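These are the residues of each chain, in order.
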Amino acid sequence: MDARRSLIVLDRDGVLNRLIDNPSEPRPDSPMRASEVVVFPWVPQALRDLTHAGFGIVVASNQPAWAKGKTTRADLEAAHAAVLHGAEAEGGVILSSHICYHRAEDGCPCRKPATGLLKEAFERHPGYAVGASWMVGDRAIDVLAGATFGLRTALLAADSAEQATLVARRLQPDFLGADLRDFARFVQTPAHA
Ligand SMILES: [Mg+2]
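Reading the values: the criteria
- Residues numbered from 1 in each chain as written.
- Predicted model: local features only at pLDDT ≥ 70, side-chain atom pairs only at ≥ 80, totals over all residues.
- Heavy atoms only, no water.
- Donors = N, O, S within 2.8 Å, 3.2 Å for Na, K, Ca; no water.
- Helix = DSSP H or I, 4+ residues; strand = E, 2+ residues; numbered from the N terminus.
- Buried < 20%, exposed > 50% of the residue type's maximum accessible area, 1.4 Å probe, protein only.
- Disulfide = S-S within 2.5 Å.
- Polar contact = N/O pair within 3.5 Å; in protein donor to acceptor, adjacent residues only side chain to side chain.
- Contact = heavy atoms within 4.5 Å.
- Axes fitted to C-alpha atoms, helices over the stretch in contact; angles between N-to-C directions.
- Parallel < 35°, antiparallel > 145°, perpendicular 65-115°, else oblique.
- Left-handed = near helix turned anticlockwise from the far one by under 90°.
- Core = buried A, V, L, I, M, F, W, Y, C linked by side-chain atoms within 4.5 Å.
- Salt bridge = Lys/Arg side-chain N within 4 Å of Asp/Glu carboxyl O.
- Pairing = 2+ DSSP bridges.
- Right-handed = clockwise from strand over helix to strand, strands pointing away.

Caption draft 1: Focus on the coordination of the magnesium ion. Taken together, Asp11 (OD), Asp13 (O) and Asp138 (OD) make up the protein donors of the magnesium ion, found 2.1 to 2.2 Å from the metal. Donor residues binding the magnesium ion come from one chain and are separated in sequence as D-x1-D-x124-D. Here the residue Asp11 occupies a position in the loop between strand E1 (7-10) and helix H1 (43-52), and Asp138 occupies one in the loop between strand E4 (134-137) and helix H4 (140-149), the gap between them amounting to 127 residues. Each member of the pair Asp11 and Asp138 is classed as buried.

Caption draft 2: Representation of the environment of Cys110. Mapped onto the elements, Cys110 comes out in the loop between strand E3 (96-100) and helix H3 (116-124). In sequence terms Cys110 and Cys100 are ten residues apart; their C-alpha atoms lie 5.9 Å from each other.

Caption draft 3: Seen up close, the state of the cysteines. Under the counting rule described, the total for this entry stands at zero disulfides. Considering cysteine sulfurs only, Cys110 is the nearest to Cys100, which forms no disulfide, with 3.6 Å between them. By relative accessible area, which is 0% here, Cys100 ends up buried.

Caption draft 4: Layout of the side chain of Asn22. Of note, Asn22 is situated in the loop between E1 and H1. Of the polar contacts made by the side chain of Asn22, one reaches the side chain of Ser24; its length is 2.7 Å. At 2.8 Å, the side chain of Asn22 forms a polar contact with the side chain of Asp29. Apart from residues no more than four positions distant in its own chain, Asn22 is found in contact with Asp29, Met32 and Lys70.

Caption draft 5: Spotlight on the packing of H1 against helix H6 (residues 180-187). For the pair H1 and H6, interaxial distance at closest approach is 9 Å and the crossing angle is 20°. Judged on the interaxial angle alone, H6 and H1 are roughly parallel. Between H1 and H6 lies a crossing of left-handed hand. The residues of H6 that touch H1, namely those facing Val43, Ala46, Leu47 and Leu50, are Leu180, Ala184 and Val187.

Caption draft 6: Focus on the nonpolar core. Membership of the largest hydrophobic core comes to 29 residues, with the highest contact counts inside it found for Leu180 and Phe183. Taken together, the elements giving at least two residues each to this core come down to E1, H1, strand E2 (56-62), helix H2 (73-87), E4, strand E5 (152-156) and H6. No other element matches the five residues that H6 contributes to this core. When neighbours within four sequence positions are excluded, Leu180 is seen to be in contact with Leu10, Val15, Leu16, Trp42, Val43, Ala46, Leu47, Val136 and Leu156. In this structure, Val58, Ala60, Phe122 and Met135 belong to the second largest nonpolar core, which totals 15 residues.

Caption draft 7: Main features of the side chain of Ser61. One can find Ser61 in strand E2. Separated by 2.7 Å, the side chains of Ser61 and Gln63 make a polar contact.

Caption draft 8: Focus on the pattern of salt bridges. Throughout the structure, instances matching the rule amount to 16 salt bridges. With its nearest N and O atoms 2.8 Å apart, the salt bridge here joins Asp29 to Lys70. Of this pair, Asp29 sits in the loop between E1 and H1 while Lys70 sits in the loop between E2 and H2, and the two are 41 residues apart along the sequence. Accessibility expressed as a relative area gives 25% for Lys70, which makes it partly exposed. Arg73 serves as the salt-bridge partner of Glu77, at 2.7 Å between the closest nitrogen and oxygen.

Caption draft 9: Fine view of the pairing of E4. Going residue by residue along E4, you find Trp134 and Val136 tucked away on one face and Met135 and Gly137 tucked away on the opposite face as well. Pairing of E4 with E5 involves four bridges; the strand directions are parallel. Within E5, the residue paired with Trp134 across the bridge is Arg152. Once the chain exits E4 it traverses H4 before rejoining the sheet at E5, and the crossover so formed is right-handed.

Shown next, in the form of structure tokens:
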């Protein structure tokens, strides 16, 4: 196996699927049941193109809603299954999902910006090279986790507050774009594959 194969680690909410409005939260929230899941319309084709181009694709996602008592574990898992089903609809393959179910105050080693989910992903898929791989997310915490672990990083965010957080940490993502379409186009150019 080519030791330089690239794994693309995707954050989920805001990258694959829409965030939802939750009046009891200060910012848009994750879908907490399957009926709330809306996969962005460009995602199935982007994942198909990346899969056909030879990239491995996994998901790494913080999902604390069950631990916070906002939903059940079963509903949360059904929501995740709905995201995968929608995202893979055109033949793209997500090799595995790595999910942190803890809250920030639990002090776990997996919740991004910690790197436990990334470590788990590369242990599961040892044929991929960290230095040739990517972390792709819509929040500063995704870029922080990816950079700490040694991945190249992509921030897909219209929200300049996320960029400001990174600037404050003196961290610049390797790619800045609007959505997964932009990243898929970019990473398939020969200089970045
Ligand atoms: Mg996100």
